[in-house]
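Report on the structure
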Amino acid sequence: MDAARWERIKSVFQEAFEHEPAGRARFLDAACGGDADLRASVDRLLEAHASAGAFLDESLKSDSGDASRLGEGARAAESVALQETPTRIGQYRVIRELGRGGMGAVYLAERDDPGLRKTVAIKVVRRDSHFMLRRFRTESQILSGLEHPGIARLYDGGTTDEGLPFFVMEYVAGENIVAYCDAHHLSIADRLRLFRRVCDAVQFAHQSFIVHRDLKPSNILVTADAEPKLLDFGIAKLLNPELAGGPVEETMEMTRLLTPQYASPEHVRGQPVTTASDVYSLGVILYELLTGARPYRVTSAQSAAEIERAVCETDAPLPSSVVPANVRRALRGDLDNIVLKALRKAPSERYATAAELAEDIRRQLEGYPVQAQPDRVTYRASKFVRRHRAAVIAVSTILVAVLAGTLSTARQLRRAERRFADVRSLAHSVLFDVYDSLSTLPNSLPTRRLVVSRAQEYLDSLAGEAGNDSVLVRDLAASYMRLGDVRGRPYAANLGDTAGARDSYQKAIALLEQEDARRPNDPAVQEPLCEVYMNLGRIFSREFKFEAAIELLNKAIGVADRLAARFASEPRYIEELARATMYLGSAQANRAGSVDGLQTAVATYRRALALQLAGGDHPEEFWQRALSWKYFYLGYALLAVGDYTGDASYYREALDNDLKGSAIRRRVAEAHPDHDYRRDIADALVSTGGCRWKAEQDLAGAMRDFREALAILQALSEADTTNLEARRDVAGVYQGIGATLGEAGRRGEGVEALRKALAIYEEISRADPNSQEDAGYVATVQKRIAALERDR
Amino acid sequence: MTAPLNSDVTGLLASWADGDRHALDQLMPLVYEELRRLAHRELRHEGPEATLVTTALVHEAYLRLVDQKRTRVETRAHFLNIAAQMMRRVVVDTARKRRAGKRGAGAPRLSLDDVPEPRIDPNNPDLIDLDEALSKLEAFDSKLSRLVELRFFAGLTLEEAAETLGTSTTAAWRDWNTARAWLYNELHERPVTPKPGGEGG
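All figures in this text were calculated on a predicted structure; none of them were measured in a lab. (Residues numbered from 1 in each chain as written. Chains lettered and ligands numbered in written order. Predicted model: local features only at pLDDT ≥ 70, side-chain atom pairs only at ≥ 80, totals over all residues.)

1. Digging into the overall build of chain A
Helices and strands together make up the secondary structure of chain A, namely 32 helices and nine strands. Taking all 792 residues of chain A together, 49% fall into the buried category. Nonlocal contacts in chain A, meaning residues at least 24 apart in sequence, comprise 59% of its contacts between residues at least 6 apart. (Helix = DSSP H or I, 4+ residues; strand = E, 2+ residues; numbered from the N terminus. Buried ≥ 20, exposed ≤ 12 C-beta atoms within 10 Å, placed from the backbone. Contact = placed C-beta atoms within 7 Å.)

Written as structure tokens, this is what we have:
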């Protein structure tokens, strides 16, 4: 190859290499211009680099830097300089040899100073000192500052007369941790407690930004006082000059100083070694402490590639699966999970710190849930049950429901979706099962509010993950709708949290609209969408935000219209269309400040009634009840028009409609004695009562209806003091009584009834300040009272 | 026992550093012999399955051949340069000998003089192919081939190799990637020879 040509290729390649892959093509276009041959050559080099993997990275020498790579019996070539035990090293007198390996030898020595008789361990390294010492000078200060009872101190360093580097360290008389535990027959709990202290020491070093890099049992000694001591902290880095360099050098680390049995995948691959790598090594040691075995079959005789495969690709068997049956039970579950979390291949999936690992072990020892568990409802629930056996019996039915939901969904889903499914089913259980169970308990309002706000958190966390999965999106929307309902569904039992309900409904709408755009004309999307438009529209209507209300209700009508047109034989879609129309009428009626406005509402109500009547006669309960509402709503509006115009024919038409609605309600209630239709009946009675007086001046009939309604509604309200709608109903009856009595000339009694209504409206208005409706009632009733008192 | 050799090599390195080209011719066989001897000793101890710890050998050879007290700063770089080339030769020669032995009729029995082929990572190439590719690279970019010798055959770290070659670590890192990519192509993009008479063809 032409040298000049090569220089050009090389320089473009090297520069391209500096660019992020994303911007590489643009750089190459510019750098190569029209030189297709140059471009091809550079591309070939880039491709080669991308697929080269660890090609040549593991040098021929495979210097593990430790006896372990060379095998136990490594009679590794010893430097002539280390053939015999030296008598002196630096200022220290050598007492005896403590051990030796491929990397060098360790001696027990004493400071040659009668005043300061200090016994130390000296590690002499069979490696040329050139780089190591330079490294040592910068590192030694940090390392000698590492003072912790669990870490053997590094005192000093230097070169022997032969030019070999040595390190002077605190001498620790002890046994390696695995041997110690076995020799002393330590229980699993005692092993865990000892291991936690090792974690503490590692954490201390990590906080000083020192990574051990070569944690293994032979580097963790336990003294006669049962104190664990870590040896060689930071030494690995000293021995490996490249580790000191920037990230670039670190990825190229060639002389990987590692003990393959305990080295992390990233270490084995030559990727940057971090505190997470120490956490991994701790995991291997914990595995060995608990099982007596190591997670992988790695031997020193294996090639680098074989070791890499074993460490990086093999999943460690569960610790509980490699021990005899009598120990298995103790390891199964938490300890399995803790060890495997420390042993995750991806550093980011491990414990973030040694302290977290220690904390999880503490929690396991004390019977608390551990972090090393995917966030499974089943798990947390089972932990809770174990800790509070007695207390959970009352709650257990709910938990069973939660667990059942979790298990059945989780089983059907891929593993990656499991967490999602768990949270989803939890949210579902909280909203549907737990909430309903709580609702039956007296004075559960604060708890219900808590449950609801927790459910909201769950749902919000899920919403970010739902992605494009239609089933999940719909499910989520349904949960938001349910959440909106329990917070403040208009005219239904709720917590009176209108603002919260609005928020939940809006989230449901956003999800469903997105889904509707993606899959147009899907009734499974359109139906709930129409429903939630209506609910939110009614909330706005109640808050006197009429424009927003009318816009939403028109949207609901549009969706229902499409559904009803496509499924002409489905009465429920016709009913939905009629209902949406009716709600539009209500918004118009609430907005109305004039008789024309009310007439608009009346026309809309008439249309709603006509729509449903045109749908045919269906005996189903939902159809019949819905039909009765159309009569009543039309009746209210007609009554109001009568009030405005003084035209009694409107009253008569109102009574006519109310009586039709009432008759339907009674028929439904008789046909379904198992259902509680008391509220329906009471509602009808309130309407007919008012009309009887207005249309026919039948005060006795009116009062009879009112009293019957009051009895029913007071009973309902007392059964659930948190049900604001029931309270509002009671106030409504008093309002009707007061107004009727006032008009009948019995002003004193009328004012008395109106004051009762006022007190209730004021109370509800305080509980839910967002609802303008109650404030409106307050004003109306106050006006009526004032008028009655003035006239009296 | 090593004293005469020790002073020889140190002196020759100094002469070479001073511009005496002849010194190199004398140095190379000395270094080669020492490395071969050390490799042989290592493998005889460890058996044919041993991993050749070439970096240890180079460092040990350095300690043995060069008088530490008489070295100048650049002496070590010069020595490593030569030692890396010689290590490559030792290893490749060993591989050749091994291959020849395998082709022979008899059982590949090792005599004491035989040095078994060093175990090579499966991810790594055939040593003889690599040697040939490296010679091609050397023809137009000797700096890159030297870098590969230092890193792959002598087991120097990037920092050491950079210092030996007198470049920055960053430059050495770029060169290393370039050499690796070029060699990878050279070794992996050879046309695959079709096997004659495939089964069930």
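2. Here's the deal with the overall build of chain B
Counting secondary structure elements, chain B contains eight helices and zero strands. In chain B, which comprises 201 residues, the share counted as buried stands at 47%.

3. Focus: the nonpolar core
Residues and elements named next belong to chain A. Counting 74 residues, the largest nonpolar core has Ile122, Leu230, Leu282, Leu286, Val339, Ala342 and Leu357 as its most contacted members. For this core, the leading source of residues is helix α11 (residues 275-291), giving ten residues. Membership of the second largest hydrophobic core comes to 73 residues, among which are Met481, Leu512, Ile539 and Leu634. (Core = buried A, V, L, I, M, F, W, Y, C linked by C-beta atoms within 7 Å.)

4. Structural notes on the pairing of strand β4 (residues 119-125) of chain A
Residues and elements named next belong to chain A. With respect to burial, β4 is a largely interior element, six of its seven residues being buried. Of the strand pairs in this sheet, β4 and strand β6 (residues 165-170) are connected by five bridges, and their pairing is antiparallel. Paired with Val120 across the two strands is Glu170, which belongs to β6. (Pairing = 2+ DSSP bridges.)

5. A word on the environment of A:Val486
Residues and elements named next belong to chain A. Within the secondary structure, Val486 is located in helix α20 (residues 470-488). On the neighbour-count criterion, Val486 (25 C-beta atoms within 10 Å) is buried. Each C-alpha atom of the pair Val486 and Gly500 lies 9.6 Å from the other, and the pair is 14 residues apart in sequence.

6. As for the packing of helix α7 (residues 188-207) of chain A against helix α15 (residues 354-366) of chain A
All names here are of chain A. In the contact formed by α7 and α15, the axes pass within 8 Å of each other and the chain directions differ by 160°. Considered as vectors, α7 and α15 are oriented roughly antiparallel to each other. Seen from above, α7 lies across α15 with left-handed handedness. Contacts between α7 and α15 involve Ala189, Leu192, Phe195, Arg196, Cys199, Asp200, Val202, Gln203 and His206 from the former and Ala354, Ala355, Leu357, Ala358, Ile361, Arg362 and Leu365 from the latter. Of the residues that constitute the contact of α7 with α15, the class distribution is eleven nonpolar, two polar and three charged. (Axes fitted to C-alpha atoms, helices over the stretch in contact; angles between N-to-C directions. Parallel < 35°, antiparallel > 145°, perpendicular 65-115°, else oblique. Left-handed = near helix turned anticlockwise from the far one by under 90°. Nonpolar A, V, L, I, M, F, W, Y, C, P; charged D, E, K, R; others polar.)

7. Some words on unusual backbone geometry
Residues and elements named next belong to chain A. A positive phi angle is found at His185, which is not glycine, with a value near 50°. Counting through the fold element by element, His185 comes out in the loop between α6 (177-183) and α7. With 7 C-beta atoms packed within 10 Å, His185 lands in the exposed category.

8. Overview of the sheet that holds strand β9 (residues 228-230) of chain A
Residue and element names in this part refer to chain A. If you walk across this open sheet you meet the three strands as β7-β8-β9, and the pairing is antiparallel. Of all the strands in the sheet, just β7 (174-176) and β9 have a single pairing partner and so form its edges. Neighbour to neighbour, the strand axes of the sheet diverge by 35° on average, direction disregarded. Two elements, β7 and strand β8 (residues 220-223), share three bridges in a ladder whose sense is antiparallel. Within the sheet, the bridge partner assigned to Glu175 lies in β8 and is Val222. Sheet strands touched by α7: β8 and β9. Its angle to β9, the strand with the most contacts, is close to 35°.

9. Some words on the environment of A:Ala626
All names here are of chain A. Counting through the fold element by element, Ala626 comes out in helix α26 (residues 621-645). With 23 C-beta atoms counted inside 10 Å, the residue Ala626 sits in the buried group. Ignoring any residue separated from it by four or fewer positions in sequence, one finds Ala626 in contact with Glu575, Arg579 and Gln612.

10. A closer look at helix α22 (residues 523-542) of chain A
Residue and element names in this part refer to chain A. The end-to-end C-alpha separation of α22 is 28 Å, in line with the 28 Å expected for 20 residues at 1.5 Å each. In terms of burial, α22 is a largely internal element, 17 of the 20 residues being buried. At the C-terminal side of α22, Phe544 shows a positive phi close to 65°. (Expected span 1.5 Å × (residues − 1).)

11. Things to note about helix α21 (residues 498-518) of chain A
Compared with the 30 Å implied by 1.5 Å per residue over 21 residues, the 30 Å span of α21(A) between its first and last C-alpha is a close match. Along α21(A), the residues that are buried comprise A:Thr498, A:Gly500, A:Ala501, A:Arg502, A:Ser504, A:Tyr505, A:Lys507, A:Ala508, A:Ile509, A:Leu511, A:Leu512 and A:Glu515.

12. Considerations on the packing of helix α29 (residues 699-719) of chain A against helix α30 (residues 724-743) of chain A
All names here are of chain A. At their nearest, the axes of α29 and α30 sit 9 Å apart, and the two run at 160° to each other. Judged on the interaxial angle alone, α30 and α29 are roughly antiparallel. The two elements α29 and α30 cross, and the hand of that crossing is left-handed. Of the residues in α30, those touching α29 at Ala702, Phe706, Ala709, Leu710, Leu713, Gln714, Leu716 and Ser717 are Ala726, Arg727, Asp729, Val730, Val733, Gly736, Ile737 and Thr740. For the contact of α29 with α30, the residue count by class is ten nonpolar, four polar and two charged.

13. Brief notes about the confidence of the model for chain B
Residues and elements named next belong to chain B. With 64% of its residues at a pLDDT of at least 70, chain B reaches an overall mean of 69. The secondary structure element of chain B with the lowest average pLDDT is helix α1 (residues 3-17), at 69, and the one with the highest is helix α6 (residues 142-153), at 89. Under a pLDDT of 50 for its full length, residues 103-123 has, in the predicted model, 34 contacts with residues more than four places off or in other chains. Across the interfaces of the predicted complex, the ipTM metric reaches 0.74, alongside a pTM of 0.40. (pLDDT = per-residue confidence, 0-100.)

14. A few points about the confidence of the model for chain A
Residues and elements named next belong to chain A. Averaged over all residues, the pLDDT of chain A equals 77, while 75% of them reach at least 70. Between residues 241-256, whose pLDDT stays under 50, and residues either more than four places distant or in other chains, the model counts 50 contacts. The low-confidence segment residues 374-419 (pLDDT under 50) makes 45 contacts with residues lying over four places distant or belonging to another chain.

15. Describing the environment of A:Leu584
Residue and element names in this part refer to chain A. By the element assignment, Leu584 lies in helix α24 (residues 571-591). Along the sequence, Leu584 and Asn554 sit 30 residues apart, while their C-alpha atoms lie 7.2 Å from each other. Apart from the residues lying within four places of it in its own chain, the contact partners of Leu584 are Ile550, Leu553, Asn554, Ile557 and Thr604.

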